[in-house]
Structures are given as C-alpha cells and as structure tokens.
Amino acid sequence: MNKSGIDHVRLVEVGPRDGLQNEPEKTTVAFRVELVDRLSACGLKTIEVGSFVSPKWVPKMANTAEVLNSVGRYEDVSLVALVPNIRGMIDAIASNVDEVAIFSAASETFSQRNTNCSIEQSFERFQPVLEKAREIGVPVRGYVSCVLGCPYEGKISASQVVPIVNRLIESGCYEVSLGDTIGVGTVNSTRELLRAVEGAIGLESIAVHFHDTYGQALPNIVTALEQGVSTVDSSIGGLGGCPYARGASGNVATEDVVYMLDGMGVESGVNLNDLLKVSEFVFSHLKRPPTSRVANALLNASVH
Ligand code: HMG
Ligand code: MG
C-alpha cells in the first residue's frame, strides 16, 4: 500500500470514443478497430469503443456498429458503448457490447447543447435503456458532465452534482464517472466535490474523468486517489475533447497516468511500453504528435 492508500487502479480507456469523437483528422473503421485491438493487448480491461448517437451530431462516431462487429473479443476486456436513448441501446445490443454508458450533466445548458434535452428529460430517456439493461443483464455506467465547471454556465457547485450522481446510482448504474469536461478543476475544487459525494453516496462506485485543458488532470487524479477513488478514465496519447465544449482539450493521457501510477507503486495492470507503441501507431495515423508528455519524452528518447 502506498501513501495514497490505494494499491490498484482500474483504468477506463476512453480514447476510441471520447478521443476520436472530436478528432479533426479522417479516421476509418479499420483504424478504429486496430486501435481497440492494440489497446486490449496493453492490459486495459475496460475500453470505450464508440457511441450510438446521432451521426449528424457526432459524425466521427458513425460506424461504431461496424467497429464493434470487427474488434477482437477477450473474456477479461469489457467493450463499452455510449448510448443516449433506447434507439442507441438497441443498436448497441445488436453489436454485442459488454457494457453501455449513459450520460447526463450537472449543467442544464450543457445538457441542452449536448443532448438537446433538459437533465430531467435525459433521465426520462434513460428509463427504457436501464430497463432493457436489467432485462438482459448488461452493466450500465453513468457519466455526469461539467462537475467542476461548465463552458456555458461557469462554476458548478457540488450541490448540483450530488443529486445527479445519486439518481444514476439509484437507477442502477454500477459506477458513475465524474466528468471535468472542460478541465477547469483544481486540487481544491476536486477535493471539495469528492468530499461532498463521499458524504452523500460514498466513493466505492465513483470514477473520475479529467480533461487536461489547464494541465491539472494529474494532480486532480492524485487528489481523487487520496480521497479513495480507484477508477480513472484516460485516453491514449491524450486524444479528445468534446464537440459541445469549445476549447476543451483532450482527456488526461493514459501513458501519463500509467507512468505516474508506476512511480507511485500503484498497480494498473497496463504495460507502459506497449502503450507507447499504440501511441506511435495512433499519432503516425493522425499525422501529429501525441499530447501525452510521457509519450513525447519516451518516444523522442528512443529516437536518439
Ligand atoms: P434529438 O435531436 O433531440 O433527438 O437528439 P431526436 O429523437 O429528435 O432525433 C434527431 C435525429 O437523430 C433523428 O434523425 C433520429 O433518428 C436520430 P433524423 O430524423 O434527423 O435523420 N437519432 C439517432 N441516430 C442514431 N443513434 C441514436 C439516435 N437517436 C436519435 N441513438 C440525441 C438527441 C441525444 C440523439 C442527439 O442530441 C445526439 O446524438 N447528441 C450527441 C451527444 C454526444 O454524443 N455527445 C458527446 C458525448 S458526451 C461527452 O463527450 C462527455 C463525456 O466524455 C464526459 C465528460 O467529459 O464530461 C461522456
Ligand atoms: Mg469526456
């Protein structure tokens, strides 16, 4: 056990979904399939493959069914798809997903911009999704966006976040991921939020999802680990952003999180050298360097 009190962290790889949904470069089904397969081979046990949302709203996630139908399947790797409504759920099931994720927000304006409905209406849309999931035994993960700030409403307080988290857990989500969608959180605001969530719900079923816009993701993750969170979302190479959060940069890079956890003696089951090879594959395809500091440092070091 190290100083954070946690000796194992479960990483949820969101690059193929949260990363690529906002990628300006053209991506193909073959590329997406190879990316997921390579990530599975690194020791990642939960991978978000894509989403079943309107292709008019998020064109980069069209063809997620084809991706899911072509990727390798492993008993110990859970492949996840994001679904906003029952239509997405039915499509996801037809593609044999292992798990689905539903998403709401702590900000009314973000909910409207992201899903064209209020927070209340988003829960109405979730009901049939959750019923179907229960009926067929598919686990459901929940997201709350804008937990530390909203691109439209500014500061968001813990009192706006806690009821949404509570509702997702009570509706049957096995885990809720707290999304710092625009990466504005700091150590203090992260700690304050997690204390409020812990007081109301506990942290056993809580994951953290930091975008790294202001370079605060790693300290915020350490803060979350110290509070007792043990599931962290990250994205290969730091891919990502959100189409409905202008200026939001990518998620924290998986390589950076794994390097940090290795240094802390916290086990993730993910091999850093294997991840670096995936980073090389992704960014040679996208024709730009990774955002990951660790990937840039180590890949450049191996060139000299
Ligand atoms: P809507 O316009 O309110 O719904 O969209 P609608 O029922 O009126 O449907 C409009 C059109 O979408 C129709 O097509 C439907 O058939 C179609 P049209 O008649 O115009 O040709 N449609 C669908 N197509 C495919 N799959 C579906 C589906 N449902 C309806 N499941 C909707 C509502 C939610 C669908 C829309 O607003 C949408 O797709 N939004 C995109 C949301 C999204 O993917 N956002 C990014 C992911 S969330 C995120 O990144 C945050 C996160 O990472 C955490 C964090 O960082 O905070 C998770
Ligand atoms: Mg996100």
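This text goes with the structure placed above it.
Residues numbered from 1 in each chain as written. Chains lettered and ligands numbered in written order. Predicted model: local features only at pLDDT ≥ 70, side-chain atom pairs only at ≥ 80, totals over all residues. Heavy atoms only, no water.

(A) Examining the overall build of the protein chain more closely. Within the protein chain, the secondary structure is distributed over twelve helices and eight strands. For 304 residues, the compact-globule formula gives about 19 Å, and the C-alpha radius of gyration of the protein chain, at 18 Å, lands near that figure. Along the longest, intermediate and shortest principal axes, the C-alpha atoms of the protein chain span 55 × 45 × 35 Å. When contacts within the protein chain are restricted to residue pairs at least 6 apart in sequence, long-range pairs at least 24 apart make up 73% of them. Surface summary for the protein chain: the accessible area is close to 12,500 Å², and the carbon and sulfur share equals 50%. Charge centroids of the protein chain, computed over 25 positive and 35 negative side chains, lie 6 Å from each other. (Helix = DSSP H or I, 4+ residues; strand = E, 2+ residues; numbered from the N terminus. Rg over C-alpha atoms; globule rule 2.2 N^0.38 Å. Contact = heavy atoms within 4.5 Å. Areas by Shrake-Rupley, 256 points an atom, 1.4 Å probe, with all protein chains shown as cover. Lys, Arg positive; Asp, Glu negative; His and termini not counted. Charge placed at Lys NZ, Arg CZ, Asp CG, Glu CD.)

(B) Examining the sheet that holds strand E1 (residues 10–13) more closely. Judged by pairing direction, the barrel is parallel, and its eight strands sit side by side in the order E1-E2-E3-E4-E5-E6-E7-E8 before closing back on the first. Taken pair by pair, the neighbouring strands of this sheet meet at an average axis angle of 25°, ignoring direction. Pairing analysis gives six bridges linking strand E4 (residues 99–105) to strand E5 (residues 140–145), with the strands arranged parallel. Paired with Ile102 across the bridge in E5 is Gly142. Together, strand E7 (206–210) and strand E8 (231–234) form the strand contacts of helix H9 (residues 217–227), whose direction differs from that of E7 by roughly 170°. (Pairing = 2+ DSSP bridges. Axes fitted to C-alpha atoms, helices over the stretch in contact; angles between N-to-C directions.)

(C) How the structure looks around the nonpolar core. Among the nonpolar cores identified, the biggest contains 84 residues, and Leu11, Ile102, Leu168, Leu178, Ile206, Leu275 and Val282 are the most heavily contacted of them. At seven residues, the largest contribution of residues to this core is made by helix H11 (residues 272–286). Beyond its immediate stretch of four places on either side in the chain, Ile102 contacts Val83, Phe126, Val129, Leu130, Val140, Arg141, Gly142, Tyr143, Leu168 and Cys173. In terms of nonpolar packing, the next biggest core, distinct from the first, is built from seven residues, Val12, Val14, Phe103 and Tyr143 among them. (Core = buried A, V, L, I, M, F, W, Y, C linked by side-chain atoms within 4.5 Å. Buried < 20%, exposed > 50% of the residue type's maximum accessible area, 1.4 Å probe, protein only.)

(D) Seen up close, the pattern of salt bridges. Counted according to the given criterion, the structure contains eleven salt bridges. Residues Lys277 and Asp274 are paired through a salt bridge, measuring 4.0 Å at the closest nitrogen-oxygen approach. With Lys277 and Asp274 both in helix H11 and three residues apart, this pair spans about one turn of that helix. Shared partners join several salt bridges into a network, and the residues in it are Arg10, Arg141, Glu175 and Asp233. (Salt bridge = Lys/Arg side-chain N within 4 Å of Asp/Glu carboxyl O.)

(E) Spatial organisation of the site of ligand 1. The local shell around ligand 1 holds 27 residues, among which Lys56, Arg87, Asn114, Ser145 and Thr181 are the closest. Within the side chain of His209, an N or O atom sits 3.0 Å from an oxygen atom of ligand 1. Within the side chain of His211, a nitrogen or oxygen atom sits 3.0 Å from an oxygen atom of ligand 1. Here ligand 1, which alone exposes 1,100 Å², has 77% of that area covered by the protein. (Near = heavy atom within 4 Å. Polar contact = N/O pair within 3.5 Å; in protein donor to acceptor, adjacent residues only side chain to side chain.)

(F) Inspection of the packing of aromatic side chains at higher detail. Under the criterion given, the structure shown has three aromatic pairs. For the pair Phe110 and Tyr152, a centre-to-centre distance of 6.5 Å together with 35° between the ring planes defines the contact as tilted. A residue pair is termed long-range when its members are at least 10 positions apart, and Phe110 in helix H5 (residues 108–115) and Tyr152 in the loop between E5 and helix H7 (158–171) qualify at 42 residues. Measuring from ring centre to ring centre gives 5.3 Å for Phe123 and Phe126, while their planes differ by 75°; the resulting arrangement is edge-to-face. Here Phe123 pairs with Phe126, and both are found in helix H6 (residues 119–136), just three residues apart, close to one helical turn. Across this residue pair, the class does not change: Phe123 and Phe126 are buried. Taking the ring centre of Phe281 as reference, the NZ or CZ of Arg38 above it sits at 4.3 Å. Here Arg167 stacks its cationic end above the ring of Phe123, 4.3 Å away from the centre of that ring. (Phe/Tyr/Trp six-rings, centres within 6.5 Å; stacked < 30°, edge-to-face > 60°. Lys NZ or Arg CZ within 6 Å of the ring centre and 35° of its normal.)

(G) Spotlight on unusual backbone geometry. A positive phi angle, close to 75°, is found at Asn63, a residue other than glycine. Checked against the element boundaries, Asn63 lands in the loop between strand E2 (46–51) and helix H3 (64–70). Of the residues examined, Asn63 reaches a relative accessible area of 41% and is grouped as partly exposed. The backbone phi angle of Cys146 is positive, close to 60°, even though this residue is not glycine.

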